[in-house]
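The residues making up each chain are set out below.
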Amino acid sequence: MSPVCVPEALLEAGYSPLLAAILHLRGFSDPAAADAFLCCGAETLSDPLQIPDMRAAVLRLGRAIETGEHVAVYGDYDVDGITSSCMLTDYLRRRGLNCELYIPDRLTEGYGVNVGALETLRRRGVSLVVTVDCGITALREADYATRCGMELIITDHHECPDTLPRAVAVVDPRRSHGAPGQNLAGVGVAFKLLCALEGGAAGVLERYADFVAVGTVADVMLLTGENRYLVRRGLEKLERDPHPSLRALLRESGLGEKPISASSIGFSLAPRLNASGRLGRVERAVALLLTEQPEEAAACARELGEMNRDRQTLEAGIWQQAQDMIGAQPPDGPIVLAQEGWHQGVIGIAASRLTDAYNVPCVIISLDGDMGKGSCRSCGGFNIFAALAACAAWLDGFGGHAMAAGLTIKRENIAAFRAAICDYYRSHPPQDVSAVEIDLCVNSPELLTMECVEDLKRLEPCGAGNPRVTLCLPAARLAALTPIGGGRHLRLRMEKFGRSYDAVLFAHTAAELGLHCGDRVDAVFYPQINEFRNKRSVQLLLSGIRPHDGAASAALLRGDFAAYPTAAGAPSRTDFVSVWKALRRHGGRFSVPGAALPEALGMWAPEETVCAVLKIFEELGLLTVECRGGTVSVACATVQRKVDLESSVILRHIRSTVERCSGEH
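Residues numbered from 1 in each chain as written. Predicted model: local features only at pLDDT ≥ 70, side-chain atom pairs only at ≥ 80, totals over all residues. Heavy atoms only, no water.

A word on the packing of helix H9 (residues 202–218) against helix H12 (residues 262–278). Relative to each other, H9 and H12 sit at 90°, their axes nearing to 9 Å. As judged from the angle between their axes, H9 and H12 are roughly perpendicular. The segment H9 lies against H12, with Ala213, Val214, Val217 and Ala218 engaging Ala262, Ile265, Gly266, Leu269, Ala270 and Leu273. Residues belonging to the contact of H9 with H12 are distributed by class as follows: 9 nonpolar, 1 polar and no charged. (Axes fitted to C-alpha atoms, helices over the stretch in contact; angles between N-to-C directions. Helix = DSSP H or I, 4+ residues; strand = E, 2+ residues; numbered from the N terminus. Parallel < 35°, antiparallel > 145°, perpendicular 65-115°, else oblique. Contact = heavy atoms within 4.5 Å. Nonpolar A, V, L, I, M, F, W, Y, C, P; charged D, E, K, R; others polar.)

For the rest of this paragraph, the subject is the nonpolar core. Nonpolar side chains tend toward joint burial in soluble globular proteins. Grouped together as the largest cluster of nonpolar side chains are 116 residues, with contacts concentrated most on Met87, Leu92, Phe191, Leu273, Leu288 and Phe417. The residues contacting Leu92, other than those within four sequence positions of it, are Leu61, Ile65, Val71, Val73, Leu97 and Cys99. If you look at the next biggest cluster of nonpolar residues, it comprises 43 residues, including Val6, Phe37, Cys452 and Ala523. (Core = buried A, V, L, I, M, F, W, Y, C linked by side-chain atoms within 4.5 Å. Buried < 20%, exposed > 50% of the residue type's maximum accessible area, 1.4 Å probe, protein only.)

When strand S6 (residues 335–340) meets strand S7 (residues 362–368), the two strands line up parallel, connected through 6 bridges. When the bridges of S7 are listed, Val336 appears paired with Val363. (Pairing = 2+ DSSP bridges.)

Our focus in this paragraph is H9. Compared with the 24 Å implied by 1.5 Å per residue over 17 residues, the 23 Å span of H9 between its first and last C-alpha is a close match. The sharpest bend along H9 reaches about 75° and sits at Tyr208. Of all 17 residues in H9, 12 are buried; the element is thus mostly enclosed. The inward-facing, buried residues of H9 contact helix H5 (79–94), helix H8 (186–198), helix H10 (225–240), helix H11 (244–252), H12 and helix H13 (282–290). One or two steps after H9, the chain reaches Val220, where phi turns positive at roughly 55°. (Expected span 1.5 Å × (residues − 1). Bend = angle between axes of the 7 residues up to and from the residue.)

Let us look at the packing of aromatic side chains. Geometrically, a pair of aromatic rings is defined through the distance of the ring centres and the angle of the planes. Taken as a whole and assessed by the stated rule, the structure comprises 8 aromatic pairs. Put simply, the rings of Phe382, Tyr424 and Tyr425 touch in pairs and so form one group of aromatic residues. Stacked on the ring of Phe37, the Lys or Arg Arg228 has its end atom at 4.4 Å from the ring centre. For the cation-ring pair, Arg353 lies above Trp319, with the distance from its terminal atom to the ring centre recorded as 4.1 Å. (Phe/Tyr/Trp six-rings, centres within 6.5 Å; stacked < 30°, edge-to-face > 60°. Lys NZ or Arg CZ within 6 Å of the ring centre and 35° of its normal.)

What follows concerns the sheet that holds strand S19 (residues 631–636). Pairing is antiparallel in the open sheet, where 3 strands are placed in the order S17-S19-S18. The open sheet has two edge strands with one neighbour each: strand S17 (589–593) and strand S18 (623–628). Neighbouring strand axes in the sheet, compared pairwise and without regard to direction, differ in orientation by 15° on average. Two strands pair when backbone bridges link them, and S17 and S19 are joined in this way by 5 bridges, in the antiparallel orientation.

Let's shift gears to the side chain of Asp78. One can find Asp78 in the loop between strand S1 (70–74) and H5. Comment: no salt bridge for buried Asp78; closest opposite-charge side chain is Arg106, at 7.4 Å. For Asp78, the contacting residues outside a window of four places in its chain are Asp133, Asp219 and Asn274. (Lys, Arg positive; Asp, Glu negative; His and termini not counted. Salt bridge = Lys/Arg side-chain N within 4 Å of Asp/Glu carboxyl O.)

Every α-helix carries 3.6 residues per turn, so stepping three or four residues along brings you back to the same face. An ideal rise of 1.5 Å per residue puts 22 Å on 16 residues; H5 measures up with 22 Å between its terminal C-alpha atoms. Burial within H5 is extensive, with 14 of its 16 residues counted as buried. Two residues or fewer after H5 comes Gly96, characterised by a positive phi angle close to 95°.

Right, let's get into the pattern of salt bridges. A pair can form between side chains of opposite charge whenever their charged atoms are brought close. All chains considered together, the criterion is met by 37 salt bridges. Here Glu495 and Arg477 are joined by a salt bridge, their closest N and O atoms 3.1 Å apart. Highlighted residues: Glu495 in strand S13 (residues 489–496) and Arg477 in strand S12 (residues 471–484), separated in sequence by 18 residues. Its relative accessible area of 28% is what places Glu495 among the partly exposed residues. Taken together, the shared-partner salt bridges connect Asp90, Arg94, Arg207 and Glu292 into one network.

Next up on the list: the state of the cysteines. Applying the stated criterion across every chain, the model contains 0 disulfides. Lacking any disulfide linkage, Cys362 is separated from the closest cysteine sulfur, that of Cys376, by 8.6 Å. Residue Cys362 is classed as buried on the basis of its relative accessible area, which comes to 0%. No disulfide involves Cys611; its nearest neighbouring cysteine sulfur is the one of Cys627, lying 8.0 Å away. (Disulfide = S-S within 2.5 Å.)

Time to look at the environment of Phe617. With respect to the secondary-structure elements, Phe617 resides in helix H23 (residues 607–619). On a C-alpha basis, the gap between Phe617 and Asn466 in space is 42 Å, while along the polypeptide they are 151 residues apart. Among residues more than four places away in sequence, those in contact with Phe617 are Phe576, Val579, Trp580, Leu622, Leu623 and Leu645.

Spatially, the 5 strands line up as an open sheet ordered S6-S7-S8-S10-S9, and their pairing is mixed. Where the open sheet ends on each side, the last strands, each with one partner, are S6 and strand S9 (397–400). With strand direction ignored, the average angle separating the axes of adjacent strands in the sheet is 15°. Direction of pairing for S7 relative to strand S8 (residues 371–377): antiparallel, over a ladder of 7 bridges. What sits directly across from Cys362, in S8, is Arg377. Against the sheet, helix H15 (residues 347–358) touches S6, S7 and S8, its axis set at about 45° to S8.

Next up on the list: unusual backbone geometry. With an omega of 5°, the peptide bond between Glu460 and Pro461 qualifies as cis. Looking at the secondary structure, you find Pro461 in the loop between helix H18 (450–455) and S12. The phi dihedral of Phe497 falls on the positive side, at around 60°, and the residue is not glycine. Residue classification places Phe497 among the buried positions, given a relative accessible area of 3%. Its identity as a non-glycine residue notwithstanding, Ala507 has a phi of 65°, on the positive side. Considering the arrangement of structural elements, one finds Ala507 in the loop between strand S14 (499–505) and helix H19 (510–513). Owing to a relative accessible area of 54%, Ala507 belongs among the exposed residues under this scheme.

Geometry only, nothing functional implied.
Written out as structure tokens, the structure reads:
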């Protein structure tokens, strides 16, 4: 039986069972809707002139281009800011402008437009400054620019304050909830500006689609609507004809000849570009993205690779020191750690990693004398910005949003701040963060064929708003465990449905997981195609694994039908026939571990479904079921009369529960 009800129309349209199930779960139940989502094209692109102030920005930049004005592009030091800054700078220079690029130093200037930078640009003769990925809150700085005789065009994608900066144009889709482009990254807004200047998107995409994709994915924007189309075009360009800088970066990261996905950007390209900004050397990433020379690009890419390794070393040092400070007892509230000399550009990554590891909010503070600068990360719906606001009495300053923030604090106030935020956490407990969100449980080998796994590629680009598929293989038998990568990672072989599946799990050991060969496990994974020595096979890329406790099945066998997984649907007549035939093949009597019930009977249905069928048969007097110490013993009875399944109280109860839950969703 299928794990979800898959519309026949999707199967008839040629979608594989797995992709059809995923599309149905994500709200695309008919072929037209599914095709529109998967194959979205240029029709998704909105009119850039519908973004507030876009016309004013185009007119002002058009005048600058006509008169050869001295213009500056002012950006940000993250990947979105770097790609948008370099894209706009390259475009304006190609239009003949004397255009310079300014990105503030993360460590000495911090985020956003600052007066010192504007004064520097003024002295260089700049008369027009165009911001990208920043500027929407630069009220004081905009006033300063006006007083100095400079004009400002602001392009940004962040939330707008009640009062906007005084500028020639403030181009931010979020100024109006009805404006298109609400989910654009900073590079997306800059792209719209170029489209408006050019009068269309075709030529801009041909040259800059890869820049737009890298910035959009790195800034974790929703990959739906026009973002999905833009990123897909960028991925195609990265594979077909990338900018020389990105071709060099792909080669440096080992992706030169491999298929490129959104994950390739997120895990390989973005960290290398980001490392330069984090370590206060953003000019190296700028030099890379602005060069057209393959030799220079290769040298810059190698340098960024070295910076990324330096960043990883710094991060590993903070991680180890933080774990030593936390100790053996897992924290039950926010982690607040401070240390002299922790690198300000890396503490945010360390805070994210600690949050992921311990499932609690984390604040990492780099101390310098009497003051400290901190990065905060959250999880589980806990609003870290609200927590900082509640603890503001102990802070010199803070900013950010619900899941990530920054702060400044005096050394002497750290202990009091730690106590205050822990008190706030206890009075505002987050939702459970231990659960893993799973698309569906695999209950048939038909869902893990090469065809099904290949078909998942049609979901790309995957990311925010369109996450990569997460599956669960329940109650699989762990047949082999092999340490790889110097003992840091694991290769596993699991058996299910009478078949073997190879799997890999990174950054875990068998000892820390408490796993042994022969164990029954629940594995959470993403399926992929592994190619080794010209042989292709399905491989499971694990994101989590745990011992299978069989609690739901044990509860069902005790008669507790509240434990029945309604997502699996009520047992079908086919399930009843299959179980009965299997019992007959076993001579009407057998004993097996509960988790092995389906395989012992030669079935692929979930064990909870098999347990429910057995209890219904027992209710109808067809057999007896006994459960002791995790072993299920079944003995068929001799029955001379016909039995009506529809008379089962248990079956009617399960059906009504499944129908009720389906109605609620």
